[in-house]
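# Reading the structure
In case you want the letters, here they are:
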Amino acid sequence: MEKFYKQLLDNNKEWVASKLEKDANYFERMANGQQPPLLWIGCADSRVPANEIIGAEPGEVFVHRNIANMVIHTDMSMLSVVDYAVNVLKVKHIIVCGHYGCGGVKAAMGNQSFGIIDNWIRHIKDVYRFHHKELDLIQNEDERFNRFVELNVQEQLYDLAKTSIVQNAWENKQDLMLHGWVYGVHNGLVKDLNLTMRNNDTLSDVYQLDFLD
Ligand code: CO
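Sequence order as written defines the numbering, with residues in each chain counted from 1. Local features in this predicted model are restricted to residues whose pLDDT is 70 or higher, and side-chain atom pairs enter the listing and the counts only when it is 80 or higher, whereas totals over whole chains, interfaces and linings include all residues. By convention in this description, side-chain values take in all heavy atoms of the structure and omit both hydrogens and water.

## Section: the pairing of strand β1 (residues 38-43)
Consecutive side chains of a regular strand alternate in pointing toward one face of the sheet and then the other. Worth spelling out the cut-off: Here's how the labels work: a residue is buried when its accessible area is under 20% of the maximum for its type, exposed when over 50%, partly exposed in between, all with a 1.4 Å probe on protein chains only. Put simply, DSSP marks the helices as runs of H or I at least four residues long and the strands as runs of E at least two long, and each gets a number from the N terminus on. Only when DSSP finds a minimum of two bridges between them are two strands counted as paired.
Counting buried positions along β1 gives six out of six residues, so the element sits mostly inside the fold. Sheet analysis places β1 next to strand β3 (residues 93-99), joined by five bridges and oriented parallel. Opposite Gly42, over in β3, you have Cys97 as the bridge partner. Inspection of the sheet shows β1 paired to strand β2 (residues 62-66) by five bridges, in the parallel sense. Bridge pairing in β2 links Leu39 to Phe62.

Shown next as C-alpha coordinates:
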(Lines give C-alpha, C1' and ligand atoms only; values in the text may rest on other atoms or scores of the structure.)
Protein backbone atom coordinates (compact mmCIF):
# COMPACT_ATOMS: atom_id res chain seq x y z
CA MET A 1 0.00 0.00 0.00
CA GLU A 2 1.20 3.50 -0.73
CA LYS A 3 3.07 4.86 2.27
CA PHE A 4 1.15 8.13 2.52
CA TYR A 5 -2.20 6.36 2.39
CA LYS A 6 -1.22 3.70 4.93
CA GLN A 7 -0.01 6.44 7.25
CA LEU A 8 -3.52 7.90 7.40
CA LEU A 9 -4.90 4.66 8.80
CA ASP A 10 -2.00 4.33 11.23
CA ASN A 11 -2.56 7.92 12.37
CA ASN A 12 -6.19 7.08 13.04
CA LYS A 13 -5.29 4.15 15.27
CA GLU A 14 -2.85 6.34 17.20
CA TRP A 15 -5.47 9.04 17.59
CA VAL A 16 -8.01 6.55 18.97
CA ALA A 17 -5.43 5.24 21.43
CA SER A 18 -4.53 8.74 22.62
CA LYS A 19 -8.19 9.65 23.16
CA LEU A 20 -8.87 6.45 25.09
CA GLU A 21 -5.79 6.96 27.20
CA LYS A 22 -7.21 10.24 28.52
CA ASP A 23 -10.82 9.07 28.72
CA ALA A 24 -11.79 5.42 28.41
CA ASN A 25 -15.42 6.41 27.73
CA TYR A 26 -14.59 9.02 25.10
CA PHE A 27 -16.20 7.31 22.13
CA GLU A 28 -19.15 6.07 24.20
CA ARG A 29 -19.86 9.70 25.04
CA MET A 30 -19.50 10.65 21.36
CA ALA A 31 -21.92 7.92 20.34
CA ASN A 32 -24.56 9.37 22.67
CA GLY A 33 -25.17 12.29 20.30
CA GLN A 34 -24.10 15.86 19.65
CA GLN A 35 -25.19 19.22 20.98
CA PRO A 36 -22.81 21.75 19.42
CA PRO A 37 -23.63 25.39 20.26
CA LEU A 38 -22.11 26.62 17.03
CA LEU A 39 -22.34 26.27 13.26
CA TRP A 40 -19.23 27.16 11.27
CA ILE A 41 -19.50 28.07 7.60
CA GLY A 42 -15.98 28.29 6.27
CA CYS A 43 -13.73 27.87 3.26
CA ALA A 44 -12.67 24.41 2.10
CA ASP A 45 -9.05 25.61 2.17
CA SER A 46 -6.88 23.02 3.96
CA ARG A 47 -5.24 25.76 6.04
CA VAL A 48 -8.47 26.77 7.74
CA PRO A 49 -9.56 23.87 9.97
CA ALA A 50 -12.61 25.00 11.95
CA ASN A 51 -12.07 22.99 15.12
CA GLU A 52 -8.38 23.72 15.55
CA ILE A 53 -8.64 27.48 15.06
CA ILE A 54 -11.15 27.89 17.88
CA GLY A 55 -9.83 25.11 20.10
CA ALA A 56 -12.99 23.04 19.73
CA GLU A 57 -13.18 19.33 20.46
CA PRO A 58 -15.22 16.86 18.41
CA GLY A 59 -18.90 17.47 19.21
CA GLU A 60 -18.47 21.20 19.79
CA VAL A 61 -18.87 22.67 16.31
CA PHE A 62 -21.12 21.76 13.39
CA VAL A 63 -19.29 22.50 10.15
CA HIS A 64 -20.08 23.36 6.54
CA ARG A 65 -17.24 24.22 4.21
CA ASN A 66 -17.09 25.08 0.53
CA ILE A 67 -14.91 27.15 -1.77
CA ALA A 68 -14.75 30.72 -0.42
CA ASN A 69 -17.29 30.15 2.40
CA MET A 70 -20.27 30.98 0.24
CA VAL A 71 -23.91 31.12 1.33
CA ILE A 72 -25.77 30.61 -1.93
CA HIS A 73 -29.47 30.40 -1.31
CA THR A 74 -30.11 27.69 -3.92
CA ASP A 75 -27.39 25.44 -2.46
CA MET A 76 -29.36 22.53 -0.95
CA SER A 77 -26.31 21.26 0.90
CA MET A 78 -25.80 24.59 2.70
CA LEU A 79 -29.56 25.03 3.34
CA SER A 80 -29.81 21.52 4.79
CA VAL A 81 -26.87 22.11 7.11
CA VAL A 82 -28.28 25.46 8.28
CA ASP A 83 -31.77 23.99 8.74
CA TYR A 84 -30.49 21.06 10.78
CA ALA A 85 -28.21 23.27 12.85
CA VAL A 86 -30.89 25.87 13.60
CA ASN A 87 -34.02 23.75 13.89
CA VAL A 88 -32.75 20.46 15.30
CA LEU A 89 -29.45 21.21 17.04
CA LYS A 90 -30.67 24.70 18.03
CA VAL A 91 -27.23 26.28 17.70
CA LYS A 92 -26.95 29.73 19.24
CA HIS A 93 -24.21 31.03 16.97
CA ILE A 94 -23.38 30.79 13.29
CA ILE A 95 -19.96 32.01 12.22
CA VAL A 96 -19.22 32.73 8.57
CA CYS A 97 -15.43 32.59 8.44
CA GLY A 98 -13.45 33.73 5.41
CA HIS A 99 -9.69 33.95 5.28
CA TYR A 100 -7.06 36.25 3.87
CA GLY A 101 -5.30 34.75 0.86
CA CYS A 102 -8.47 32.92 -0.25
CA GLY A 103 -7.89 31.41 -3.69
CA GLY A 104 -11.59 31.61 -4.59
CA VAL A 105 -11.74 35.32 -3.83
CA LYS A 106 -8.47 35.87 -5.68
CA ALA A 107 -9.87 34.09 -8.73
CA ALA A 108 -12.94 36.34 -8.59
CA MET A 109 -10.68 39.42 -8.85
CA GLY A 110 -9.14 38.17 -12.08
CA ASN A 111 -10.34 37.13 -15.51
CA GLN A 112 -8.77 33.72 -15.94
CA SER A 113 -11.12 30.80 -16.52
CA PHE A 114 -10.64 27.80 -14.22
CA GLY A 115 -13.39 25.59 -15.65
CA ILE A 116 -16.71 24.73 -14.05
CA ILE A 117 -15.69 26.53 -10.87
CA ASP A 118 -16.07 29.81 -12.81
CA ASN A 119 -19.80 29.49 -12.20
CA TRP A 120 -19.31 29.26 -8.42
CA ILE A 121 -16.75 32.08 -8.45
CA ARG A 122 -19.28 34.25 -10.27
CA HIS A 123 -21.19 34.72 -7.03
CA ILE A 124 -18.03 36.31 -5.61
CA LYS A 125 -17.72 38.52 -8.68
CA ASP A 126 -21.23 39.77 -7.83
CA VAL A 127 -19.84 40.86 -4.45
CA TYR A 128 -17.14 42.81 -6.28
CA ARG A 129 -19.80 44.46 -8.44
CA PHE A 130 -21.81 45.54 -5.36
CA HIS A 131 -18.70 47.07 -3.81
CA HIS A 132 -16.71 48.14 -6.87
CA LYS A 133 -16.70 51.81 -5.86
CA GLU A 134 -14.89 51.05 -2.61
CA LEU A 135 -12.67 48.33 -4.03
CA ASP A 136 -11.61 50.16 -7.18
CA LEU A 137 -10.34 53.03 -5.02
CA ILE A 138 -7.81 50.76 -3.27
CA GLN A 139 -4.61 51.07 -5.31
CA ASN A 140 -2.56 48.41 -3.53
CA GLU A 141 -3.59 45.03 -4.90
CA ASP A 142 -2.97 43.12 -1.65
CA GLU A 143 -5.03 45.62 0.31
CA ARG A 144 -7.80 45.42 -2.27
CA PHE A 145 -7.70 41.62 -2.05
CA ASN A 146 -7.89 41.71 1.77
CA ARG A 147 -10.83 44.10 1.71
CA PHE A 148 -12.58 41.97 -0.91
CA VAL A 149 -12.22 38.93 1.40
CA GLU A 150 -13.87 40.93 4.22
CA LEU A 151 -16.68 42.22 2.00
CA ASN A 152 -17.33 38.71 0.74
CA VAL A 153 -17.81 37.50 4.32
CA GLN A 154 -20.14 40.44 4.95
CA GLU A 155 -22.30 39.59 1.93
CA GLN A 156 -22.40 35.88 2.80
CA LEU A 157 -23.47 36.84 6.33
CA TYR A 158 -26.31 38.97 4.93
CA ASP A 159 -27.29 36.18 2.55
CA LEU A 160 -27.42 33.83 5.53
CA ALA A 161 -29.63 36.30 7.41
CA LYS A 162 -31.92 36.53 4.37
CA THR A 163 -32.64 32.78 4.38
CA SER A 164 -36.14 31.77 5.44
CA ILE A 165 -34.51 29.44 7.99
CA VAL A 166 -32.72 32.17 9.92
CA GLN A 167 -35.57 34.71 9.68
CA ASN A 168 -38.06 32.09 10.84
CA ALA A 169 -35.87 31.35 13.86
CA TRP A 170 -35.72 35.06 14.73
CA GLU A 171 -39.49 35.39 14.24
CA ASN A 172 -39.89 32.58 16.79
CA LYS A 173 -37.62 34.42 19.23
CA GLN A 174 -34.95 31.78 18.94
CA ASP A 175 -31.66 32.92 20.39
CA LEU A 176 -29.50 32.94 17.26
CA MET A 177 -26.56 35.20 16.47
CA LEU A 178 -24.70 35.44 13.17
CA HIS A 179 -21.08 36.55 13.12
CA GLY A 180 -18.60 37.42 10.37
CA TRP A 181 -14.92 36.50 10.81
CA VAL A 182 -11.79 36.56 8.72
CA TYR A 183 -8.94 34.20 9.59
CA GLY A 184 -5.33 35.09 8.89
CA VAL A 185 -3.50 32.11 7.41
CA HIS A 186 -0.28 34.12 7.90
CA ASN A 187 -0.65 34.59 11.69
CA GLY A 188 -3.47 32.31 12.84
CA LEU A 189 -5.50 35.18 14.25
CA VAL A 190 -9.21 35.73 13.72
CA LYS A 191 -10.52 39.21 12.94
CA ASP A 192 -14.11 39.68 14.11
CA LEU A 193 -15.70 42.01 11.55
CA ASN A 194 -18.18 43.19 14.24
CA LEU A 195 -21.19 42.54 12.02
CA THR A 196 -23.10 40.39 14.55
CA MET A 197 -26.78 40.07 13.65
CA ARG A 198 -29.56 39.08 16.09
CA ASN A 199 -32.57 40.00 13.94
CA ASN A 200 -33.49 41.04 10.40
CA ASP A 201 -33.84 44.78 11.16
CA THR A 202 -30.75 45.73 9.20
CA LEU A 203 -31.79 43.88 6.05
CA SER A 204 -33.24 45.93 3.23
CA ASP A 205 -37.01 45.99 3.57
CA VAL A 206 -37.55 43.84 0.49
CA TYR A 207 -35.72 40.93 2.18
CA GLN A 208 -37.64 41.04 5.48
CA LEU A 209 -40.01 38.09 5.51
CA ASP A 210 -43.43 38.02 7.17
CA PHE A 211 -44.50 34.57 8.29
CA LEU A 212 -48.06 33.30 8.34
CA ASP A 213 -49.13 32.20 11.83
CO1 CO B 1 -10.48 30.12 0.65
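## Quick notes on the sheet that holds strand β5 (residues 190-192)
As a reminder of what qualifies: Helix axes use the C-alpha atoms of the stretch in contact, all axes being lines fitted to C-alpha atoms, and the angles between their N-to-C directions lie in the range 0 to 180 degrees. Note on contacts: a residue pair is in contact if any heavy atoms of the two residues lie within 4.5 Å.
Across the sheet, which stays open at both edges, the five strands sit in the order β2-β1-β3-β4-β5 with mixed pairing between neighbours. Of all strands in the sheet, those bounded by a partner on one side alone are β2 and β5. Here the average twist between neighbouring strands, direction ignored, is 25 degrees. The pairing of β3 with strand β4 (residues 177-183) spans seven bridges and is classified as parallel. Following the sheet pairing, His99 is matched in β4 by Tyr183. Packing of helix α8 (residues 141-162) onto the sheet brings it into contact with β1, β3, β4 and β5, and relative to β4 it is tilted by some 160 degrees.

## Structural notes on the packing of aromatic side chains
Each aromatic ring pair is described using two quantities: the centre-to-centre distance and the angle formed by the ring planes. The condition is simple: Within 6.5 Å between ring centres, the rings of Phe, Tyr and Trp (the latter by its six-membered ring) count as paired, and their orientation is classed by plane angle as stacked under 30 degrees, edge-to-face over 60, tilted in between. The rule for a charge over a ring is simple: NZ of Lys or CZ of Arg within 6 Å of the ring centre, and within 35 degrees of the ring normal.
Following the criterion strictly, the structure yields five aromatic pairs and no others. Centroid distance Phe62 to Tyr84: 5.8 Å. Interplanar angle 35 degrees. Geometry classified as tilted. Residue Phe62 is found in strand β2, and its partner Tyr84 is found in helix α4 (residues 76-88); the two are separated by 22 residues along the sequence. Judged by its relative accessible area of 38%, Tyr84 is partly exposed. One aromatic cluster is present, built from ring pairs that chain together Trp15, Tyr26 and Phe27. We note Lys106 situated over the ring of Phe145; from NZ or CZ to the ring centre the distance is 4.9 Å. Over the ring of Tyr207 we find Lys162, and its NZ or CZ is 4.1 Å from the ring centre.

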